[in-house]
Amino acid sequence: MKFKPADNIQDLQYFGEFGGVNPSISDSSTYTFLSAKTMFDTFEGNAEGCYLYSRHTTPSNLYLGEALAAMEGTETANVTASGMGAITPAILQFCEAGDHIISSRTIYGGTYAFLKNFAPRMALATSFVDITKLEAVEAAITETTKIIFCECVSNPLLEIADIEGLAKIAKKHGLQLLVDNTFSPLTISPAKLGADVVLHSLTKFINGSSDTMGGVVCGSQELIDSLRNVNDGACMLLGASMDSLRAASILKNMRTLHIRMKQHSYNALYLAEKFEAAGLKTVYPGLKSHPGHELYKRMMNEEYGFGGMLTLDVGSLDKANELMELMQKQNLGYLAVSLGFYKTLFSAPGTSTSSEIPEEEQAEMGLTDGLIRFSIGLDNDIERTYEMMHDCMIQLGILEAVKN
Ligand code: PLP
């Protein structure tokens, strides 16, 4: 049977304390007990339905976690204060000093910086590989490897990871496959394809209104219990817990995620096809020219399309900056990092979200100076948007340069 992530979210029914259509928000950082024994049991993680302290978890956080676990098809989930607040403890929970991690070389700059610069302080080494080459991934495995880490659709190059292929390798060698699904919520369901852990920055599409940070680790009950363990749980002890007020607001926004993803995908495909036809170097997984197009089609939950992210290479950083400034002036979007907003957001990753990656490594992975990353918005009339973007490009001689 087909996996239906949005239906799974909708099937959850919660009421507020007084019959409200939204669950009540638990506006408390600590919880009382009628008996000292129950408090002790809760501390030890043995008192079902009792709450102790908000860094551990809260009713509001559990509601949101349940919805996200339903979306990803995992046993459960733990929400965190940011995407990095989910990624770093999830990685650390599986590793000890001396262990080795294999990571895609094209990942969000913050995750890259953590693995490259911070994790070595804890004696964790990472090999960065071309994730589209399964043989390169397998060849990088050593005796101390614990984790394979990747993004389904990579930031910013939009490379597509073969989750089933990677899961087979992980199983064969007893490794954990951790997948960041921030760019492709609903569209790809990594756990259904064999991933052990699915991570998200909720800051992006899932919340969708660019007003809060958030993250989630989706996985087995055993993993989530271990992350929350008061003695050695990385979520519990590193402390990037989500606030209940935010959990409640993100849950409300999640109600429209399926509608938003369809519109992001529709608009992005429309623009990608037009830009490509105009001769611009366009990368979008929905284009036949994308090397991962067929793989994406095999993995995707079709009704949500190929997502809202695309890149254009306009030749140089100066041109990219000129174009982004002009598009912002014309109110076609904002020159801003992040993604998943109702408005189109654009930035040049080489000098922003991927600037943690040294220039020579950027060049090696094909991250060029003139690359603009677009998170396409929910524009009602995308044809009009295209016409206006096209005019900006004509004005700056970008399309002329492509033709010559
Ligand atoms: N993963 C991806 C793919 C991202 O793009 C980002 C942020 O840009 C993150 C993780 C980190 O998320 P957050 O900024 O919520 O910590």
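Criteria and thresholds
- Residues numbered from 1 in each chain as written.
- Predicted model: local features only at pLDDT ≥ 70, side-chain atom pairs only at ≥ 80, totals over all residues.
- Heavy atoms only, no water.
- Helix = DSSP H or I, 4+ residues; strand = E, 2+ residues; numbered from the N terminus.
- Polar contact = N/O pair within 3.5 Å; in protein donor to acceptor, adjacent residues only side chain to side chain.
- Salt bridge = Lys/Arg side-chain N within 4 Å of Asp/Glu carboxyl O.
- Buried < 20%, exposed > 50% of the residue type's maximum accessible area, 1.4 Å probe, protein only.
- Domains from an automatic or database assignment.
- Contact = heavy atoms within 4.5 Å.
- Buried area = accessible area lost by both parts, 1.4 Å probe.
- Pairing = 2+ DSSP bridges.
- Axes fitted to C-alpha atoms, helices over the stretch in contact; angles between N-to-C directions.

Some points on the side chain of T212
By secondary structure assignment, the location of T212 is in the loop between β6 (197-201) and β7 (215-219). Polar contacts involving the side chain of T212 include one to the side chain of R246, which spans 3.1 Å.

Observations regarding the pattern of salt bridges
One pass over the structure, following the stated rule, counts 11 salt bridges. With a closest N to O distance of 3.9 Å, D196 and K171 form a salt bridge. Here the residue D196 occupies a position in the loop between β5 (176-180) and β6, and K171 occupies one in helix α7 (residues 163-172), the gap between them amounting to 25 residues. Given a relative accessible area of 56%, K171 falls into the exposed group. One salt-bridge network, in which partners are shared between bridges, spans K4, K262 and E303.

Structural notes on the domain arrangement of the chain
According to the domain assignment, the chain contains domain 1 (5-254) and domain 2 (257-395). Between domain 1 and domain 2, the contact holds 41 residues from the first and 39 residues from the second. Summed over both partners, the interface of domain 1 with domain 2 buries about 3,300 Å², with 65% contributed by carbon and sulfur atoms. In this structure, the connection of domain 1 to domain 2 is made through 1 salt bridge.

Describing the sheet that holds strand β1 (residues 76-80)
Sheet strands pair by backbone hydrogen bonding; their relative direction is either parallel or antiparallel. With respect to topology, 7 strands assemble into an open sheet ordered β1-β7-β6-β5-β4-β2-β3, the strand pairing being mixed. Because the sheet does not close on itself, it has two edges, and the strands there are β1 and β3 (125-129). When strand polarity is set aside, the average angle formed by the axes of neighbouring strands in this sheet is 20°. The sheet contact formed by β5 and β6 spans 3 bridges and is parallel.

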